[in-house]
Amino acid sequence: METRVGPGAREAVFAQLADAGRAEQVAQRLTDGIVLGVLDPGERLPSEPELARRFGVALITVREGLGILRDAGLVETRRGREGGSFVVHDDAEHRAIITARLRGLAQVELSDMAVYFGAILAGAAERAAERASDEDAANLAGWLRNADFSTAAAARTNQGGFLLELAVLSQSARLVREQIRLQAEFGPLLLLGFADEVARAEAADLDQRIVRAVARHRASRAREAAGELVVMLARRLLAAKARVERGGALDEPHAD
Amino acid sequence: MSRTPTEVADAVSEVFRGVFDQLAAWRTPIEQLLAASAGGVGAAAGGTGAGASSGEVRPVTLDTTVADLVLPRLEEDDPMLVGAGFIADGEVVRGKGVHFAWWLGPLDDNPVLGSTDGPTRLDLSTRGYTEYLRDFRALEWYRIPATTRHAHVTGPYVDHLCTCDYILTLTMPVHDADGERMVGVVGADVAVRTLERALLAAFLDVEEPLALVNEHGRVVLSTEPALQVGQLAGPGSRTVPCAGTPFAVRVQPAGSGS
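None of the values given here were measured: they were computed from a predicted structure. In this convention, every chain numbers its residues from 1, walking through the sequence in written order. Chain labels run from A onward and ligand labels from 1 onward, assigned in the order the entries are written. In keeping with the model being predicted, local features are shown solely for residues with a pLDDT of at least 70 and side-chain atom pairs are shown and tallied solely at 80 or more, while totals for entire chains, interfaces and linings include all residues. Side-chain numbers come from the whole structure's heavy atoms, not from hydrogens or water.

**Q** Tell me about the overall build of chain B, and name the residues and values.
**A** Helix and strand definitions follow DSSP, with helices as H or I runs of at least four residues and strands as E runs of at least two, each counted in order from the N terminus. The secondary structure content of chain B amounts to five helices and ten strands. In this scheme, a residue with accessible area under 20% of its type's maximum is buried, one over 50% is exposed, and one in between is partly exposed, where area comes from a 1.4 Å probe on protein chains only. The buried share of chain B, taken over its 258 residues, is 52%. Sequence separation of at least 24 residues holds for 56% of the intrachain contacts in chain B that already meet a minimum separation of 6. A total accessible area of about 10,800 Å² is found for chain B, and carbon and sulfur atoms account for 51% of it. Contact between two residues is taken to exist if any of their heavy atoms lie within 4.5 Å; hydrogens are not considered. Here the accessible surface of atoms and residues is derived via Shrake-Rupley with a 1.4 Å probe, and residues count as covered only by protein chains that are part of the display.

In structure tokens:
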């Protein structure tokens, strides 16, 4: 299965952290990456010193964060030359964690994250449409054509990669950095709805619309399609939140 | 107001010539090392080592050589380069598919890589996107030198893999002992803001507004406030090529209209 077309979602998992409760943030970031399939079962995480550098925290903070993951059964640590921390696959456990995460965030927090994510993405899409050369647009279109959306994990990785590639075309280092940060903080939750193949198909269609608008330098259409994409994802996220609050299943198909 | 656009274009060429001369100076000892390995010198060190054959160089030997070459340029005060090194294709480095002997200079607060106060090795083995980079030969900074056999400048572009900054990447092909086959590229990254510091005064010394643009018309530096870095420039009254580079100085440039 070819899932690693885009680097965005994966590198976002390791983007730098800020502020207090850092061990918990380390654990949360890696937990999201694992339970939402950005990090693969059996994958070895970067070394502790590398994680410390990437997250911008002390080594002891990383160890504490990994301890939280071990206690949660999400990683196992092996010793020796081929040792390290490895992602454990346990579907039931993952779903329980996602459910708890959704219950822990208020509707207002989820919708506010979506508003901010949507504002940054729409701005990046608009600038990309203004600034992409014909070659840039052709490259993005080609990339998207070959991106696999057939499974939830592949679609999450590639959707993250697509959004990052789109931000790159804005020519703004700040927008790219903010896109990486937001994908790290919010991407896994926002793409929760990708368990449903209808959502994946809708997102892929909207991605195509964005690419067409970029290729034709139609800035307002690119902005509009990017906005619709985030609205669609947020609607599904809030529907999942409502389901779990009612005691229902995480990704039970819902009637629109 | 004492310079002409042609003189400014010459100043641009001069800056790039400096970096290309540096790449050429790095390329020579790397090609010599590869040639020595191809000549069987490496066999003495390997003995029974798995996968040892002529034409391959030990990764540690290559890394030491490249580090000794590039680190001084990354550690100097006000460095022109934010990253530099050698990227080898799959057939010259023992036991490796693709080998990145690449170092990053000190990084400011960086959302992906953190802050560093000294050079760091680009270590793809601990990064999630190693798999993605396996088709690095399709990326512009490798593909174009492989096709043209000439040095190339990629960008300006937001590099989200290495520096998370707006940069130019200069690459130059490295060939095998026969000079036939490209086996990798030596390269260096230059931040657009560093280039601007080196050139802005010269651009401002011309009465007419100017823009430095790449082959696609993308603006690297502009003294026309309506035309900003990263935009695609419209036509100007004339365009002066910067010899030895893909860049040109566009006089009285128009915006792209979008």
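**Q** Report on the packing of aromatic side chains, specifying residues and quantitative values.
**A** The geometry of an aromatic ring pair is captured by the separation of the ring centres together with the interplanar angle, meaning the angle of the planes. All names here are of chain A. Only Phe, Tyr and Trp rings are paired, with Trp represented by its six-membered ring, and only when their centres lie within 6.5 Å; those with planes under 30 degrees apart are stacked, over 60 edge-to-face, the remainder tilted. A complete count under the given rule lists four aromatic pairs over all chains for this structure. Between Phe-117 and Phe-186 the ring centres are 6.1 Å apart and the planes differ by 65 degrees, which places this aromatic pair in the edge-to-face class. With Phe-117 in helix H6 (residues 107–131) and Phe-186 in helix H9 (residues 173–190), this residue pair connects regions lying 69 residues apart in the sequence. Comparing Phe-117 with Phe-186, the two get one shared label, buried.

**Q** Explain the packing of helix H2 (residues 22–35) of chain A against helix H4 (residues 59–71) of chain A to me, and be specific about the residues and the numbers.
**A** Residues and elements named next belong to chain A. Orientation of H2 relative to H4, taken along the N-to-C sense of each, is 50 degrees, at an axis distance of 8 Å. When the axes of H2 and H4 are compared, the pair comes out oblique. As H2 runs across H4, the sense of the crossing is right-handed. Residues Arg-22, Ala-23, Glu-24, Val-26, Ala-27, Leu-30, Thr-31 and Ile-34 of H2 form the contact with H4, whose own contacting residues are Thr-61, Glu-64, Gly-65, Leu-66, Ile-68 and Leu-69. Along the lines of polarity and charge, the residues of the contact of H2 with H4 split into eight nonpolar, three polar and three charged. A fitted line through C-alpha atoms represents every axis, and for helices the fit uses only the stretch in contact; the resulting angles, taken between N-to-C directions, go from 0 to 180 degrees. Small angles under 35 degrees read as roughly parallel and large ones over 145 as roughly antiparallel, with 65 to 115 read as roughly perpendicular and the rest as oblique. Crossing handedness follows the turn of the near helix against the far one: under a right angle anticlockwise gives a left-handed crossing, and clockwise gives a right-handed one. Note on residue classes: Ala, Val, Leu, Ile, Met, Phe, Trp, Tyr, Cys and Pro are nonpolar, Asp, Glu, Lys and Arg are charged, and everything else, Gly too, is polar.

**Q** Outline the sheet that holds strand S4 (residues 152–159) of chain B, supporting the account with residue identities and numerical values.
**A** Residues and elements named next belong to chain B. Pairing between strands is defined by DSSP: at least two bridges between the two strands are required. Strand order across the open sheet formed by six strands is S3-S2-S1-S6-S5-S4, with antiparallel pairing between neighbours. Each edge of the open sheet is held by one strand with a lone partner, namely strand S3 (120–121) and S4. As defined by bridge partners, S4 adjoins strand S5 (residues 165–175) across six bridges and the pair is classed as antiparallel. By the bridge assignment for S5, Tyr-157 is matched with Ile-167.

**Q** I'd like a rundown of the sheet that holds strand S9 (residues 238–241) of chain B, residues and numbers included.
**A** Residue and element names in this part refer to chain B. Read across the open sheet, the four strands follow the order S8-S7-S10-S9; overall the sheet is antiparallel. The sheet is open, and its two borders are formed by strand S8 (219–222) and S9, each paired with just one other strand. Put simply, the sheet's adjacent strands are angled 25 degrees from each other on average, direction ignored. In this sheet, strand S10 (residues 248–251) lies alongside strand S7 (residues 210–213) in antiparallel orientation, the contact comprising four bridges. Of the residues in S10, the one forming a bridge with Val-213 is Ala-248. In this fold helix H1 (residues 5–38) packs onto S7, S9 and S10, with an angle of close to 35 degrees to the strand it touches most, S9.

**Q** Report on the side chain of Arg-156 of chain A, specifying residues and quantitative values.
**A** Residues and elements named next belong to chain A. By the secondary structure assignment, Arg-156 is in helix H8 (residues 152–168). For Arg-156, a relative accessible area of 10% gives the class buried. Within polar-contact distance, the side chain of Arg-156 engages the backbone oxygen of Leu-192 at 3.0 Å. Any N or O atom pair separated by 3.5 Å or less is treated as a polar contact, with the protein-specific requirement of one donor-capable and one acceptor-capable atom, and with residues adjacent in sequence counted only for side-chain atom pairs.

**Q** Tell me about unusual backbone geometry, residues and numbers included.
**A** All names here are of chain B. The peptide bond linking Gly-155 to Pro-156 adopts the cis configuration, its omega dihedral lying at 10 degrees. By secondary structure assignment, the location of Pro-156 is in strand S4. We note that Asp-78 has phi near 45 degrees; this positive angle belongs to a residue other than glycine. Along the chain, Asp-78 falls in the loop between helix H3 (59–75) and strand S1 (83–88).

**Q** Pulling in residues and values, what's your account of a positive patch on the surface?
**A** All names here are of chain A. Taken together, the side chains of Arg-212, Arg-216, Arg-218 and Arg-221 present a region of like positive charge at the surface. Following the sequence through the fold, Arg-218 ends up in the loop between helix H10 (197–215) and helix H11 (219–245). Looking at Arg-218, the relative accessible area reads 39%, which means it is partly exposed. Each patch is built from salt-bridge-free residues with over 30% relative accessible area, joining like charges within 9 Å and nonpolar side chains (Val, Leu, Ile, Met, Phe, Trp, Tyr) within 5 Å. Salt bridges are identified by distance alone: a Lys or Arg side-chain nitrogen within 4 Å of an Asp or Glu carboxyl oxygen. Positive residues here are Lys and Arg, negative ones are Asp and Glu, while His and the chain termini are left out of the count. Charged side chains are reduced to one point each, which is NZ for Lys, CZ for Arg, CG for Asp and CD for Glu.

**Q** Go over the packing of helix H7 (residues 134–145) of chain A against H8 of chain A, please, and point to the residues and values.
**A** A pair of packed helices can be characterised by two numbers: the angle between their axes and the separation between those axes. All names here are of chain A. The interhelical angle for the contact between H7 and H8, taken along N-to-C directions, is 180 degrees, at an axis separation of 11 Å. It follows that H7 is roughly antiparallel to H8 by the angle criterion. Across the interface between the two elements, Leu-140, Trp-143 and Leu-144 from H7 touch Asn-158, Gly-161, Phe-162, Glu-165 and Leu-166 from H8.

**Q** Pulling in residues and values, what's your account of the pairing of S9 of chain B?
**A** Residues and elements named next belong to chain B. When S9 meets S10, the two strands line up antiparallel, connected through four bridges. Bridging from a neighbouring strand, Thr-239 pairs with Arg-250 of S10. Joining the antiparallel neighbours S9 and S10 is a turn of six residues, in which Gly-244 adopts a positive phi near 80 degrees.

**Q** I'd love a proper account of the confidence of the model for chain B, names of residues and values included.
**A** All names here are of chain B. Scored between 0 and 100, pLDDT is the confidence that the predictor attaches to each residue. In the predicted model, chain B carries a mean pLDDT of 85, and the fraction of residues at 70 or more is 83%. Confidence over residues 41–54 falls short of pLDDT 50; this stretch has twelve contacts with residues more than four positions distant or in other chains. In the predicted structure, residues 126–134 sits below a pLDDT of 50 and forms 31 contacts with residues beyond four places in sequence or in another chain. Interface predicted TM-score (ipTM) for the complex: 0.81; the corresponding pTM is 0.81.

**Q** If you had to explain the nonpolar core to someone new, which residues and values would you point to?
**A** Core analysis: the largest hydrophobic core is formed by 131 residues, its most contacted members being Val-214 of chain A together with Leu-212 of chain B. Residues within four places of Val-214 of chain A in sequence aside, it is in contact with Ala-125, Ala-128, Ala-129, Ala-132, Ala-137, Leu-166, Leu-169 and Ala-222 of chain A. Residues enter a nonpolar core if they are buried and are Ala, Val, Leu, Ile, Met, Phe, Trp, Tyr or Cys, with the set joined through side-chain atoms within 4.5 Å. Membership of the second largest hydrophobic core comes to 14 residues, among which are Phe-100, Tyr-142, Cys-162 and Val-185 of chain B.

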